[in-house]
Amino acid sequence: MEGQKPKIFSGIQPSGELTLGSYMGALRSWKALQDDYDCVYCIVDMHTITVRQKPAELRRRAMEQLAQYLAIGLDPERCILFIQSHVPQHAELAWILGCYTQFGELGRMTQFKQKSQQHAENITAGLFTYPVLMAADILLYQADLVPVGADQKQHVELCRDIAQRFNGIYGDTFTLPEPFIPKLGARIMSLSNPENKMSKSEPEGCVFLMDRPEDIRRKFKRAVTDSETEVRFDPAGKPGVSNLLTIYCSATGKEIPEAEAEFAGQGYGAFKAAVGDAVVELLAPIRQEASRLLGDKAYLEGIYRRGAEAAQCQARKTLSKVQRKVGFLPR
Ligand code: TRP
C-alpha cells in the first residue's frame, strides 16, 4: 500500500546528456525500484546553475531528460517525476537548513574542493551551499533511501547530520535518510580511459543514450583495451576489457563467465563489435521512444506539471512543520 513502502528520492542534474553510465549505474535501478518503493525522481535544475549554463540549452536538456526518464520506463502513474525549480519549497527549506549547517562542514565536501578548483574564477555561494539544497531535496519528502553514486555519498551523510541536528533541537521532524547504492548498478568506465568513470566531460569515451547507432559502434570500435588478446575479466590488470565485459553483460543480462566463454579464442575486434551491437540494441528503443515523446511537448508539460503538484503536496507539509518549529508566524 502507498505510504507504507519505504520512500526513495533521487535526482540527476540536467547538466549534460544522459549517458550509458548513468543508465546502467542509476536509471535502470530507478526503474526497478518503482515496484517496491514509493519513489520521487527529480530533475535538479537548480543544482545545475551552480556552474554557468546557457539558458536555452538548460531548458532543452531538462525537457530531454524528462523524455528519457519516461522512455526508460519511469512511470508517472507509479512514481513522482518533477523538475526541482517548479517546487519552491526546495529553495525555502534550503535557506532554513543552511542556518543549521556549519561553514566548516561545507568546506570539507570533496566535491566542493574539486569543483572550486575546476572553476577557480567562479566559486559562488551556490557552489558552496549545494549540499544544503540537496539536503532540502531529500528531507522535504522524508526519504528513507537515496540511491546515489559513490561520489554523492558524502552529501547524503551530511544531509543526515543536518537532519539529526535539527531533530535534536526541535524534536522529530525529518526521517533520517541513508545512501543506497543499488545492487543492480554497474560502475561503467570511460571507453577511452578505462581508469576513469564514464563521463560526459570526455565525450569520446562516453556513450550517450541518444547517440546514433553508427556513433555507438564507432565508439566501441575505438575502445581502449590492452596489448594481450584474451577476453578475460580482470579489472585491475585489464581495465578496458573488463569494462567492456561489464557493459556487455549489463546490456544482455549474461553473466561474466558466460561472456568470457563466448569470446574465447576470438580477437578483440569481434568482441568490441559485439559489445557495440548489444548496446545499440539496448538503446534503440529508448532513443526511439524519447524522440517520439519530444515531438509531443504538450504531453511532457502535462507530466511535469502533474509531477510538480504531487511533489508540492508533500513538500508543503514538511516545510510548514519546519517553519512552525523554528518559530515563524503562520501566514
Ligand atoms: N548532487 C547529485 C549529483 O550531482 C544530484 C542531486 C541533487 C541529488 N539533489 C539530489 C541526488 C538529491 C540524490 C538526492 O549527482
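What comes next concerns the included structure. Keep in mind the model is a prediction, meaning the values are calculated, not measured.

Rules used in this analysis
- Residues numbered from 1 in each chain as written.
- Predicted model: local features only at pLDDT ≥ 70, side-chain atom pairs only at ≥ 80, totals over all residues.
- Heavy atoms only, no water.
- Helix = DSSP H or I, 4+ residues; strand = E, 2+ residues; numbered from the N terminus.
- Rg over C-alpha atoms; globule rule 2.2 N^0.38 Å.
- Buried < 20%, exposed > 50% of the residue type's maximum accessible area, 1.4 Å probe, protein only.
- Contact = heavy atoms within 4.5 Å.
- Areas by Shrake-Rupley, 256 points an atom, 1.4 Å probe, with all protein chains shown as cover.
- Lys, Arg positive; Asp, Glu negative; His and termini not counted.
- Charge placed at Lys NZ, Arg CZ, Asp CG, Glu CD.
- 1 Å grid on protein atoms, 1.4 Å probe; cavity = no way out; pocket = protein on both sides within 12 Å on 5 of 7 lines; lining within 4 Å.
- Points joined across faces, edges and corners; volume = space filled by probe spheres on them.
- Nonpolar A, V, L, I, M, F, W, Y, C, P; charged D, E, K, R; others polar.

### Considering the overall build of the protein chain
Counting its secondary structure elements, the protein chain contains 13 helices and 5 strands. In summary, the protein chain has a C-alpha radius of gyration of 21 Å against a globular reference of 20 Å for 331 residues, a match within 12%. Judged by the C-alpha coordinates and their principal axes, the protein chain covers about 75 × 45 × 40 Å. Per-residue burial over the protein chain gives 49% buried out of 331 residues. Considering only intrachain contacts with a sequence separation of at least 6, the fraction spanning at least 24 residues in the protein chain is 75%. When the accessible area of the protein chain is evaluated, it comes to approximately 16,000 Å², of which 52% is carbon and sulfur surface. Of the charged side chains in the protein chain, 41 are positive and 40 negative, and the gap between their average positions amounts to 5 Å.

### A short note on empty space enclosed by the protein
Applying the stated rule across the entire model yields 2 cavities of 30 Å³ or more. Space inside the largest cavity adds up to approximately 50 Å³. Around the largest cavity, the lining residues are Met109, Gln111, Phe112, Lys115, Leu127, Tyr130, Pro131 and His155. Only α6 (110–118) and α7 (125–140) provide two or more residues apiece to the lining of the largest cavity. Size it by volume and the second largest cavity reaches roughly 30 Å³. Around the second largest cavity, the lining residues are Gly16, Glu17, Leu18, Arg61, Glu64, Gln65 and Gln68. Broken down by class, the residue content of the lining of the second largest cavity amounts to 1 nonpolar, 3 polar and 3 charged.

### Things to note about the environment of Gly327
Within the secondary structure layout, Gly327 lies in the segment after α13 (297–326). Gly327 gets classed as exposed once you look at its relative accessible area, which sits at 56%. In sequence terms Gly327 and Ala273 are 54 residues apart; their C-alpha atoms lie 63 Å from each other.

Bear in mind that shape data such as this cannot, by itself, settle questions of function.
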